[in-house]
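# Secondary and tertiary structure notes
Listed below, chain by chain, are the residues.
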Amino acid sequence: MNKTKRRYKQLLSQYLKCDSEDIFLYWKGRVALYAILKAMGVQKGDEVIVQGYTCVVVANAILYLGAKPVYVDIDSNTYNMNLRKLTEAITNNTKVVICQNTYGLSSNLEEIQKIASEKGIYTIEDCTHGFGGYYRGIPNGSSCDASFFSTQWNKPFSTGIGGFAVIHNHCLMKKMIERENQKISPNFKECIELSIMYFVRGWLVNDITYWSMVNLYRWLSRKNIVIGSSSGEEVTSIRMPNDYFKGMSVTQMKKGIKNIRRLKDVNIRRKKCAAVYTDFLVDKKKNHVKEELFSDHMFLRYPLLVNDRDEFRKKAEREKIILGEWFEAPVYPCYGNMRMWGVKEKDIPVSMDICKKIVNLPTDVKDMKKIISFLEKEIDLIVDEQ
Ligand SMILES: Cc1ncc(COP(=O)(O)O)c(C=O)c1O
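This one's a predicted model, so the numbers in the text were calculated from it and none came from an experiment. Per-chain numbering applies: the sequence of each chain, read as written, is numbered from 1 onward. Where totals are concerned, whole chains, interfaces and linings use all residues; where local detail is concerned, this predicted model gives features only for residues with pLDDT of at least 70, and gives and counts side-chain atom pairs only at 80 or more. The basis for every side-chain value is the complete set of non-hydrogen atoms in the structure, without hydrogens or water.

Glancing now at the overall build of the protein. Strands are runs of DSSP state E lasting at least 2 residues, helices are runs of H or I lasting at least 4, and numbering of each runs from the N terminus. A count of helical and extended segments in the protein gives 14 helices and 13 strands. This radius of gyration counts C-alpha atoms alone. The globule rule is 2.2 Å times how many residues there are, raised to the power 0.38. Computed over its C-alpha atoms, the radius of gyration of the protein comes to 20 Å, within 12% of the 21 Å expected for a compact globule of 386 residues. With the C-alpha coordinates of the protein rotated into their principal frame, the extents come out at 55 × 50 × 40 Å. A simple rule labels every residue: compare its accessible area, found with a 1.4 Å probe on the protein chains alone, to the largest value its type can have, and call it buried under 20%, exposed over 50%, or partly exposed in between. The buried share among the 386 residues of the protein stands at 59%. Within the protein, counting contacts between residues at least 6 apart in sequence, those at least 24 apart form 72% of the total. We call two residues in contact when some of their heavy atoms are within 4.5 Å.

Time to look at the pairing of strand β4 (residues 68-72). Counting buried positions along β4 gives 4 out of 5 residues, so the element sits mostly inside the fold. Relative to β4, strand β2 (residues 47-51) runs parallel, the two being bridged by 5 bridges. Paired with Gln-51 across the two strands is Val-72, which belongs to β4. DSSP calls a pair of strands paired once it identifies at least 2 bridges connecting them.

With that settled, the discussion passes to the packing of aromatic side chains. Each aromatic pair joins two rings of Phe, Tyr and Trp (for Trp, the six-membered one) with centres within 6.5 Å, and gets the label stacked for planes under 30 degrees apart, edge-to-face for over 60, and tilted for any other angle. Within the structure shown, the criterion is met by 19 aromatic pairs. Ring plane angle 80° and centroid distance 5.6 Å describe the contact between Phe-131 and Phe-149, whose orientation is recorded as edge-to-face. Of the two residues, Phe-131 sits in the loop between β6 (122-126) and β7 (134-135) while Phe-149 sits in strand β9 (residues 146-150), which places them 18 residues apart along the sequence. Both residues of the pair, Phe-131 and Phe-149, belong to the buried class. For a lysine, the NZ atom is tested; for an arginine, the CZ atom; a charge sits over a ring if that atom is within 6 Å of the ring centre and within 35 degrees of the ring normal. Looking at Lys-9, its charged tip hangs above the ring of Phe-24, at a distance of 5.9 Å from the centre.

Reading across the sheet, the 7 strands line up as β1-β10-β9-β6-β5-β2-β4 and stay open at both edges, with mixed pairing between neighbours. Each edge of the open sheet carries a strand with a single partner, namely β1 (23-26) and β4. Strand-to-strand, the axes of this sheet are offset by a mean angle of 20°, without reference to chain direction. For helices, the fitted axis covers only the stretch in contact; all axes are lines through C-alpha atoms, and the angles between them, taken along N-to-C directions, range from 0 to 180 degrees. Against the sheet, helix α1 (residues 3-16) touches β1, β9 and β10 (163-167), its axis set at about 120° to β1. Together, β2, β4, β5 (94-100) and β6 form the strand contacts of helix α3 (residues 56-64), whose direction differs from that of β4 by roughly 145°.

Right, let's talk about the domain arrangement of the protein for a bit. Where interface size is quoted, it is often the accessible area lost as the parts come together. Those domain boundaries reflect an automatic or database domain assignment. Entries for the protein in the domain assignment read domain 1 (3-180), domain 2 (188-241) and domain 3 (263-381). Counting from both sides, the interface comprises 15 residues of domain 1 and, opposite them, 18 residues of domain 2. Put simply, buried area is how much 1.4 Å-probe accessible surface two parts lose in total, over both of them, once they are put together. Taken together, both faces of the contact between domain 1 and domain 2 bury some 1,400 Å²; the carbon and sulfur share is 57%. Looking at the side of domain 1 facing domain 2, the largest losses of area belong to Trp-27, Tyr-64 and Trp-153, adding up to 46% of the total buried there. Think of a salt bridge as a Lys or Arg side-chain nitrogen and an Asp or Glu carboxyl oxygen that are within 4 Å of each other. We note a salt bridge from Glu-234 to Arg-30, for which the minimum N-O separation is 2.9 Å. Two N or O atoms count as a polar contact when they lie within 3.5 Å, although within protein this holds only if one can serve as hydrogen donor and the other as acceptor, and sequence-adjacent residues are included solely when both atoms are side-chain atoms. Scanning the region where domain 1 abuts domain 2 turns up 3 residue pairs in polar contact (both at pLDDT 80 or more). Counting only elements with at least two residues in the side of domain 1 that touches domain 2, the list comes to α2 (29-39) and α3.

Before going further, it helps to spend a moment on the site of the ligand. For each residue, the test is whether any non-hydrogen atom lies within 4 Å of the molecule or strand; if one does, the residue is near. Around the ligand there are 16 residues in total, and Gly-29, Arg-30, Asp-126, Ser-150 and Lys-155 lie nearest to it. At a separation of 2.7 Å, an oxygen atom of the ligand approaches a polar side-chain atom of Arg-30. Within the side chain of Asp-126, one N or O atom sits 2.7 Å away from a nitrogen atom of the ligand. Every accessible area reported is derived by Shrake-Rupley at a probe size of 1.4 Å, with residue values counting cover from the shown protein chains alone. Protein chains bury 96% of the 390 Å² of accessible surface belonging to the ligand in isolation. Within the residue set of the shell around the ligand, elements represented by two or more residues are α2, β3 (54-55), α3 and β9.

The next subject is the pairing of β2. Looking down a regular strand, the side chains alternate between one sheet face and the other. When you tally the buried positions in β2, you get 5 out of 5 residues, the bulk of the element. In β2, alternate side chains face the same way, and those of Glu-47, Ile-49 and Gln-51 on one face and Val-48 and Val-50 on the other are all buried. Pairing of β2 with β5, which is carried by 3 bridges, proceeds in the parallel orientation. Within β5, the residue paired with Val-48 across the bridge is Val-96.

A grouping of Asp-279, Asp-283, Glu-291 and Glu-292 is seen on the molecular surface, where their side chains present a negatively charged patch. Within the fold, Glu-292 resides in the loop between α11 (263-283) and β11 (301-305). For Glu-292, a relative accessible area of 64% gives the class exposed. By definition, no residue in a patch forms a salt bridge, and every one has over 30% relative accessible area; like charges are joined within 9 Å, nonpolar side chains (Val, Leu, Ile, Met, Phe, Trp, Tyr) within 5 Å. A residue counts as positive if it is Lys or Arg and as negative if it is Asp or Glu; His and the chain ends are not included. Charge positions are represented by NZ for Lys, CZ for Arg, CG for Asp and CD for Glu.

Moving on: helix α10 (residues 250-260). Those residues of α10 that fall on the buried side of the exposure criterion are Gln-252, Met-253, Lys-255, Gly-256, Ile-257, Asn-259 and Ile-260. Check the buried side of α10 and you find it contacts α1, β1, α7 (188-203) and α11.

What follows deals with the state of the cysteines. When two cysteine sulfur atoms lie within 2.5 Å, the pair is treated as a disulfide. Throughout the structure, instances matching the rule amount to 0 disulfides. The thiol of Cys-55 is unpaired, and the distance to the nearest cysteine sulfur, on Cys-334, comes to 8.4 Å. The class of Cys-55 is partly exposed, set by a relative accessible area of 22%. Distance from the sulfur of Cys-144, which forms no disulfide, to the nearest cysteine sulfur (Cys-99) is 4.1 Å.

Written out as structure tokens, the structure reads:
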């Protein structure tokens with residue numbers, strides 16, 4: 001194995017307290033999910049349960065295998081799957097349940113695993129938001145049969161784009177290893193493009209240029225002019241792109257080795273910022289993340305419900321406060337017709353309501369004063385505590 005790959009997997013395994021041989025690296029997190037589903041033998045006729053508040057690429061990975069995504073509504077406190085709805089959604093065709101770690105907040109994994117194991121159903125933890133956090137004292141991504149992580153731009157630590165799978169059910173191992181040599185290798189042009197984007201992100205993106213740069217990047221990537229988080233066809237069709245099953249480049253691994261070292265400090269800051277938001281919102285009797293959900297979680301973003309989101313966004317942008325958009329649609333970022341992905345709005349009323357009101361506050365912030373005084377000024381736009 002190449003030295004950089006070995007080092008990167010070693011660093012990941014130290015964080016995740018797993019064996020580095022259990023880690024498989026990919027071009028993106030979604031490819032890791034696809035590889036896990038494939039190793040689980042997911043195929044036409046199977047159902048895969050996923051929450052109706054996720055990223056479209058999760059649904060795509062299921063659809064590319066000919067299986068059916070079954071969307072379960074979320075719990076408004078955790079932004080993760082509602083357990084009662086999960087139980088109702090299980091059928092004889094259910095093969096897998098994907099438990100998400102939204103914003104870094106864990107699903108109730110113990111309960112989900114109990115439900116799944118009684119019926120012989122596999123579980124996968126979508127830890128794309130949760131690297132570096134814990135669930136009941138153990139690292140996120142350790143509890144299910146397998147988990148997958150993302151190291152895309154806005155994730156706990158970044159390799160630009162990137163992802164990996166971790167396998168805990170060793171019956172899946174042989175299948176994962178078998179497919180390793182079927183991965184396409186990233187080409188030279190892609191590695192150069194990534195290096196240019198690292199430079200632009202590091203030197204040209206700041207609070208002032210953020211939204212114009214993000215909008216330009218999104219436009220260029222939808223037109224497939226630059227490597228994007230999602231290509232145009234991934235948000236407009238359910239056909240698998242030709243070069244989808246791709247491995248991770250050494251360029252990405254090197255970036256990961258550098259950025260993972262800063263993660264401990266960043267995560268301490270994220271938790272502190274989240275606590276400041278909660279204190280403020282509790283005091284004002286506004287919606288907030290419940291304190292009992294705090295203990296171990298890593299707050300990649302802080303979710304907040306607002307009444308007039310367009311107005312709130314406009315005002316935040318004016319003050320150069322960067323708000324996130326996860327998830328303004330149940331299979332984000334697909335707005336409008338979601339039938340192609342099998343979403344039935346009537347089955348996910350809580351998610352539909354939250355999608356209309358959600359904004360994500362930043363948590364990697366050195367000085368919170370500006371944001372808190374903004375929230376204070378716009379307090380009437382924030383949804384009251386339930
Ligand atoms: C919940 C969730 N799952 C999966 C993914 C896919 O990760 P990647 O972009 O690395 O494929 C994302 C991307 O943001 C996500 O938000």
